[in-house]
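Chain residues, written in single-letter form:
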Amino acid sequence: MTKKRVFSGIQPSGNMHLGNYLGAVKRWVERQAEKENFFCVVDLHTLTVPQDPEALRQETRSLTALLFAAGLDPDKSILFIQSHVSAHAECCWLLNCVTPLGWLERMTQYKDKAGKQESVSTGLLDYPVLMASDILLYDAHEVPVGEDQKQHVELARDIAQRFNHLFGETFVIPEPVISEAGARVMALNDPAVKMSKSEAHVRGHAVRMLDEPAEIERAFKRAVTDSGKEVRFSDDPAKAGVNNLLEIYRVITGKGKEEVEADFAHARGYGDLKKRVAEVVIEELRPIRERYNVLMQDPAALDRLLARGAEQARAVAEPKLREIQGRVGLVLPG
Ligand code: ATP
Ligand code: LTN
């Protein structure tokens, strides 16, 4: 039986955090043997908001090292940098021409981000069409993402369906895959909002993947909870802080909810909970940080891994791009 194709992406926008890891990357790693996987560091998406060029370059390399360090295995998964496969940008143009503007103006992430900026680039509005290109070029069946990206994957489905309708069966219709656990890791300093890269520089907001153990311990110690002392899962907004800590513990340990609550049945208030959650996070991230440091010491080896990934990705994306070009009526080069 042929394996299902999986595609997902992550932006090199700095400060990869525990939410990205638990909501996305950890699952990519755990399931990589079952599927045919494409994982992409989406540098073109990051350009939709202003970036410092040198910082972007460094962050892109650093993130790829971090993903290998987190366990993506080049023999099981194809990991590559988006801009190394020019078919993504070319496909985006072709899909732009079948995507109604109104579909893009409705995207909640666009509205949120556009509302926070003085000047909005065309790229920011077009972001979901580039994302659809990423997915559709690989005929991916499954797109594992955090809850926040569900609307974008649904848009990719709509674009694929419209294209198939206009030009004949061309694309696989992708499904968003959102695991219930870890789909929305909340900020430690404000459990009403999701942990976010753009806020990860704010003290106490996030646990960043490369934070030292002492920093992680401090972040959990300061985590916002409530004035009670009952350690249990709850959807009461007032208990969102404790719930978030329990969720983090649950995803890392792989335990069920009852088992997790049993682990804390004798906790003396939230202090014990925070300490224990910090411990499991520190132990989860320690080997990743160590492998990352080794990888970053050998830039030539990282370049070789990235060249291999890009070549494998091009082998799939380029013929697909030709197929799309042919469908819409372009003269293919002889
Ligand atoms: P952020 O919003 O944190 O600045 P992002 O959502 O812009 O980051 P990426 O860094 O590309 O985007 O996200 C990579 C993956 O991490 C995506 O699948 C996204 O859904 C997931 N993700 C991001 N934040 C969280 C979170 N707090 N909890 C769970 N998953 C998350
Ligand atoms: N928009 C996504 C990153 C992303 C992606 C993709 C995810 C770009 N292309 C294709 C899945 C599939 C984000 O910000 N998390």
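The structure displayed is predicted, hence computed values, not measured ones.

Calculation rules
- Residues numbered from 1 in each chain as written.
- Chains lettered and ligands numbered in written order.
- Predicted model: local features only at pLDDT ≥ 70, side-chain atom pairs only at ≥ 80, totals over all residues.
- Heavy atoms only, no water.
- Helix = DSSP H or I, 4+ residues; strand = E, 2+ residues; numbered from the N terminus.
- Rg over C-alpha atoms; globule rule 2.2 N^0.38 Å.
- Buried < 20%, exposed > 50% of the residue type's maximum accessible area, 1.4 Å probe, protein only.
- Contact = heavy atoms within 4.5 Å.
- Near = heavy atom within 4 Å.
- Polar contact = N/O pair within 3.5 Å; in protein donor to acceptor, adjacent residues only side chain to side chain.
- Areas by Shrake-Rupley, 256 points an atom, 1.4 Å probe, with all protein chains shown as cover.
- Axes fitted to C-alpha atoms, helices over the stretch in contact; angles between N-to-C directions.
- Parallel < 35°, antiparallel > 145°, perpendicular 65-115°, else oblique.
- 1 Å grid on protein atoms, 1.4 Å probe; cavity = no way out; pocket = protein on both sides within 12 Å on 5 of 7 lines; lining within 4 Å.
- Sits in = over half its atoms within 2 Å of the grid points.
- Nonpolar A, V, L, I, M, F, W, Y, C, P; charged D, E, K, R; others polar.
- Salt bridge = Lys/Arg side-chain N within 4 Å of Asp/Glu carboxyl O.
- Left-handed = near helix turned anticlockwise from the far one by under 90°.
- Points joined across faces, edges and corners; volume = space filled by probe spheres on them.

## What to know about the overall build of the protein chain
And then number 1: What the protein chain contains, in helices and strands, is 13 helices and five strands.
And then number 2: Compactness check: the protein chain gives a C-alpha radius of gyration of 21 Å against a globular reference of 20 Å for 334 residues, within 12% of the reference.
And then number 3: With respect to the principal axes defined by its C-alpha atoms, the protein chain has extents near 75 × 45 × 45 Å.
And then number 4: Expressed as a percentage of its 334 residues, the buried residues of the protein chain come to 50%.
And then number 5: Partitioning the intrachain contacts of the protein chain with sequence separation of at least 6 by distance along the chain shows that 76% fall at a separation of at least 24.

## Overview of the site of ligand 1
And then number 1: Close contacts around ligand 1 come from 20 residues, with Gly146, Asp148, Val185, Lys194 and Lys197 the closest.
And then number 2: Measuring from an oxygen atom of ligand 1, one finds a side-chain N or O atom of Asn20 at 3.2 Å.
And then number 3: Between Val185 and ligand 1, the recorded distance is 2.8 Å, taken from a backbone N or O atom to a nitrogen atom.
And then number 4: The fraction of the free accessible surface of ligand 1 (590 Å²) that becomes covered by protein chains is 94%.

## Remarks on the packing of helix α1 (residues 18–31) against helix α12 (residues 269–296)
And then number 1: Closest axis-to-axis distance for the α1/α12 pair is 13 Å, and the angle between their directions is 75 degrees. By the angle between their axes, α1 is roughly perpendicular relative to α12. Taking contact as the criterion, the partners of Leu18, Tyr21 and Lys26 in α1 are, on α12, Val281, Glu284, Leu285 and Ile288.

## Quick look at the site of ligand 2
And then number 1: Of all residues adjacent to ligand 2, which total 13 residues, the nearest are Gly9, Tyr127, Met131, Asp134 and Gln149.
And then number 2: Here Tyr127 contributes a side-chain N or O atom positioned 2.6 Å from a nitrogen atom of ligand 2.
And then number 3: Burial of ligand 2 by the surrounding chains reaches 91%, relative to a free accessible area of 360 Å².
And then number 4: According to the grid-proximity analysis, the pocket containing ligand 2 is the largest pocket.
And then number 5: Elements represented by at least two residues in the shell around ligand 2 include exactly β1 (5–10) and α7 (122–136).
And then number 6: At four residues, α7 tops the list of elements feeding residues into the shell around ligand 2.
And then number 7: For the shell around ligand 2, the residue count by class is seven nonpolar, five polar and one charged.

## Side note on the pattern of salt bridges
And then number 1: Counting across every chain of the model gives 21 salt bridges.
And then number 2: Between Asp139 and Lys320 there is a salt bridge whose closest N-O contact spans 3.1 Å. Highlighted residues: Asp139 in the loop between α7 and β4 (142–144) and Lys320 in helix α13 (residues 299–328), separated in sequence by 181 residues.
And then number 3: For Lys320, a relative accessible area of 6% puts it in the buried group.
And then number 4: Here Glu279 ties to Lys275 by a salt bridge, and the two come within 3.9 Å at their closest N and O atoms.

## A short note on the packing of helix α10 (residues 240–253) against α12
And then number 1: Where α10 contacts α12, the two axes come as close as 10 Å, and the packing angle between them is 35 degrees. For α10 against α12, the interelement crossing comes out left-handed. On α12, the residues that touch Val242, Leu245, Leu246, Ile248, Tyr249, Ile252 and Thr253 of α10 are Tyr270, Leu273, Lys274, Arg276, Val277, Val280, Val281 and Glu284.
And then number 2: Within the contact of α10 with α12, the residues separate by chemical class into eleven nonpolar, one polar and three charged.

## Quick notes on empty space enclosed by the protein
And then number 1: Per the stated rule, a full pass over the model turns up two cavities of 30 Å³ or more.
And then number 2: Considered as a void within the structure, the largest cavity measures approximately 50 Å³ in volume.
And then number 3: Along the walls of the largest cavity sit Met107, Gln109, Tyr110, Lys113, Leu124, Tyr127, Pro128 and His152, which together make up its complete lining.
And then number 4: Empty space within the second largest cavity amounts to approximately 40 Å³.
And then number 5: Along the walls of the second largest cavity sit Phe68, Pro74, Ser77, Ile78, Leu79, Leu305, Arg308, Gly309 and Gln312, which together make up its complete lining.
And then number 6: Here the lining of the second largest cavity gets four residues from one element, more than from any other, and that element is α13.

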